[in-house]
Amino acid sequence: MIKEIYALIEPYAEKSISYFYGRLFAENPRLRALFPPGMAGQRERMFRALSQISGSLDSPDTFTGFLSRLGRDHRKYGISPAHYEAMGRAMLATFRAYVREAWTEEMEAAWTAMFATATAIMIQAAEEDAEHTPPWWIGEVVEHERRAPDIAVLTVRPSQPLPYRAGQYVTVQAARWPRVWRPYSIANAPGDDGLLRFHVRALPAGWVSGALVRHTAVGDALLLGRAAGSMVLDTESDRDILCVAGGTGLGPLKALAEEALRPAGEREVRLVVGARTPAELYDLPALRALAERHTRLTVVPVVSEDPEFDGVRGLVSDVLGRFQDRSGHDVYVAGPAGMVSRTVTNLQELGVPAERIHYDAPDR
């Protein structure tokens, strides 16, 4: 019945979610302060969350896992149990308004029961997390390097240890845009110094990315959320590794390469890095220095828009067939969504099993 409700509301996704937030803020004006100034991204994330909740109802472990992660993550927004109650009332009002005559008492009972279960899971996860983890970390920018007009590499020192695994990301809030959080992959494997590095490209109309690249300096403070993401090394595997990066998708793959090269072993790592022009290979000197220290690492730069480039030319997603057979490798892919999709498709056509292709899609 929950899936039936979702199917009825889905054709009105944008309007219904706008109605939901309008209703929520009209009845609870103080809640508006918890949300960002611009609500377009928030509305999109809300509907994606509803889609995931509806789609996971047949899998209790997936349902519980997703909601537990949401509950822990929502701590950084200052969400309390009373806020969930207000959201539940606004959501019911939204369903009544858009499902209209198809809405039944059975539907209302089913949704009410599901929402009560979901919020109980989220609240319990948040309370357990609060026993040992802060809602956010304060990070001091200790280095800020402009590698290109629209790209910067930031080094941040958290106020206390922030646990993560290579390949994961954290959400970041800059002082310039309060309550606006954006996820950024950590570009280094965990180290004894506790530092975090981020590769950031300023996107058109990107509030946080623009602030981090153009309006952030050494000594500035950032807020950091908890680490998330499933694109981490398979520590049980002894297969060689292929990393395929597009743009600043290099960040998490560089962290994975660093981690894979640390232990004594025989796993070879090939890091294929794509950019439009040689000037956009912003981290190539550092990558080559890393390769000099680790003979098991091979770095392959790929350029798509410079016919005079002395190296591999083409789209990074399309050149993989030029290398030796990689079907026996563990493969990690990061970059713009279109590049990741094309790369995954091409890898499967080249014979790489789907279960060996790893990529992440953080809610950016």
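Below: a short report on this structure. (Residues numbered from 1 in each chain as written. Predicted model: local features only at pLDDT ≥ 70, side-chain atom pairs only at ≥ 80, totals over all residues. Heavy atoms only, no water.)

A word on the overall build of the chain
Okay, so step 1: Across its full length, the chain carries ten helices and twelve strands.
Okay, so step 2: What you see for the chain is a C-alpha radius of gyration of 22 Å, in line with the 21 Å of a compact globule of 364 residues.
Okay, so step 3: When its C-alpha atoms are laid out on the principal axes, the chain stretches across 65 × 50 × 40 Å.
Okay, so step 4: Taken over 364 residues, the chain has a buried fraction of 48%.
Okay, so step 5: The long-range fraction of contacts in the chain, counting pairs at least 24 apart against all pairs at least 6 apart in sequence, stands at 72%.
Okay, so step 6: Carbon and sulfur atoms provide 51% of the accessible area of the chain, an area that totals close to 17,800 Å². (Helix = DSSP H or I, 4+ residues; strand = E, 2+ residues; numbered from the N terminus. Rg over C-alpha atoms; globule rule 2.2 N^0.38 Å. Buried < 20%, exposed > 50% of the residue type's maximum accessible area, 1.4 Å probe, protein only. Contact = heavy atoms within 4.5 Å. Areas by Shrake-Rupley, 256 points an atom, 1.4 Å probe, with all protein chains shown as cover.)

Digging into the packing of helix α1 (residues 2–9) against helix α6 (residues 105–130)
Okay, so step 1: Contact pair α1 / α6: the axes reach a minimum separation of 9 Å and the direction vectors enclose 105°. As far as their axial angle goes, α6 and α1 are roughly perpendicular. Of the residues in α6, those in contact with Ile2, Glu4, Ile5 and Leu8 of α1 are Met107, Ala110, Trp111 and Met114.
Okay, so step 2: Residue classes in the contact of α1 with α6 are distributed as seven nonpolar, no polar and one charged. (Axes fitted to C-alpha atoms, helices over the stretch in contact; angles between N-to-C directions. Parallel < 35°, antiparallel > 145°, perpendicular 65-115°, else oblique. Nonpolar A, V, L, I, M, F, W, Y, C, P; charged D, E, K, R; others polar.)

Section: the sheet that holds strand β2 (residues 151–158)
Okay, so step 1: With respect to topology, six strands assemble into an open sheet ordered β4-β3-β6-β1-β2-β5, the strand pairing being antiparallel. Both outer strands of the open sheet, β4 (182–185) and β5 (196–201), are each paired with one neighbouring strand and no more. If you compare each strand with its neighbour and ignore which way they point, the axes differ by 40° on average.
Okay, so step 2: Bridge count for strand β3 (residues 169–174) against β4 is four bridges, and the pairing is antiparallel. Residue pairing across strands places Val172 opposite Arg182, the latter belonging to β4. (Pairing = 2+ DSSP bridges.)

Things to note about the pattern of salt bridges
Okay, so step 1: Inspection of the entire model under this criterion finds 14 salt bridges.
Okay, so step 2: Asp58 serves as the salt-bridge partner of Lys3, at 2.5 Å between the closest nitrogen and oxygen. Here Asp58 lies in the loop between α3 (40–55) and α4 (60–73) and Lys3 lies in helix α1, a separation of 55 residues in the sequence.
Okay, so step 3: For Lys3, a relative accessible area of 37% translates into the label partly exposed.
Okay, so step 4: Accessibility expressed as a relative area gives 64% for Asp58, which makes it exposed.
Okay, so step 5: Note that Asp283 and Arg147 form a salt bridge whose closest N and O atoms lie 2.7 Å from each other. Taken as a pair, Asp283 in the loop between β8 (269–275) and α9 (284–293) and Arg147 in strand β1 (residues 137–148) lie far apart in primary sequence, 136 residues in all.
Okay, so step 6: Given the relative accessible area of 2%, Asp283 is considered buried.
Okay, so step 7: Several salt bridges converge on common partners, so that one network encompasses Glu145, Arg147, Lys254 and Asp283. (Salt bridge = Lys/Arg side-chain N within 4 Å of Asp/Glu carboxyl O.)

So, the pairing of strand β6 (residues 221–228)
Every other side chain in a regular strand lies on the same face of the sheet, so the side chains alternate between the two faces.
Okay, so step 1: Sheet topology note: the β1/β6 ladder contains four bridges and is antiparallel. From the neighbouring strand, Ile138 faces β6, where its bridge partner is Leu223.
Okay, so step 2: In this structure, β3 lies alongside β6, joined through five bridges in antiparallel fashion. Residue Ala174 lies in a different strand from β6, and its bridge partner there is Leu222.

Some remarks on the sheet that holds strand β7 (residues 241–246)
Okay, so step 1: One open sheet accounts for six strands, arranged β10-β9-β8-β7-β11-β12; its pairing is parallel. Looking along the sheet, the strands with just one partner apiece sit at the ends: β10 (312–313) and β12 (357–359).
Okay, so step 2: As judged from the six bridges shared by β7 and β8, these two strands associate in the parallel manner. Within β8, the position partnered with Gly246 by the bridge is Gly274.

With respect to empty space enclosed by the protein
Okay, so step 1: Scanning the entire structure with this criterion turns up two cavities of 30 Å³ or more.
Okay, so step 2: Taken together, Ile2, Tyr6, Ile9, Leu50, Ile53, Ser54, Phe95, Trp111 and Met114 form the lining of the largest cavity.
Okay, so step 3: Taken together, the residues that form the lining of the largest cavity break down as eight nonpolar, one polar and no charged.
Okay, so step 4: Computed from the structure, the second largest cavity encloses a volume of approximately 40 Å³.
Okay, so step 5: Lining the second largest cavity are Arg72, Asp73, Arg75, Lys76, Asp129, Pro134, Pro135, Gly225 and Arg226.
Okay, so step 6: Of all the secondary structure elements, the ones that give two or more residues to the lining of the second largest cavity are α4 and β6.
Okay, so step 7: Partitioning the lining of the second largest cavity into residue classes produces two nonpolar, one polar and six charged. (1 Å grid on protein atoms, 1.4 Å probe; cavity = no way out; pocket = protein on both sides within 12 Å on 5 of 7 lines; lining within 4 Å. Points joined across faces, edges and corners; volume = space filled by probe spheres on them.)

Keep in mind these numbers describe shape, not what the thing actually does.
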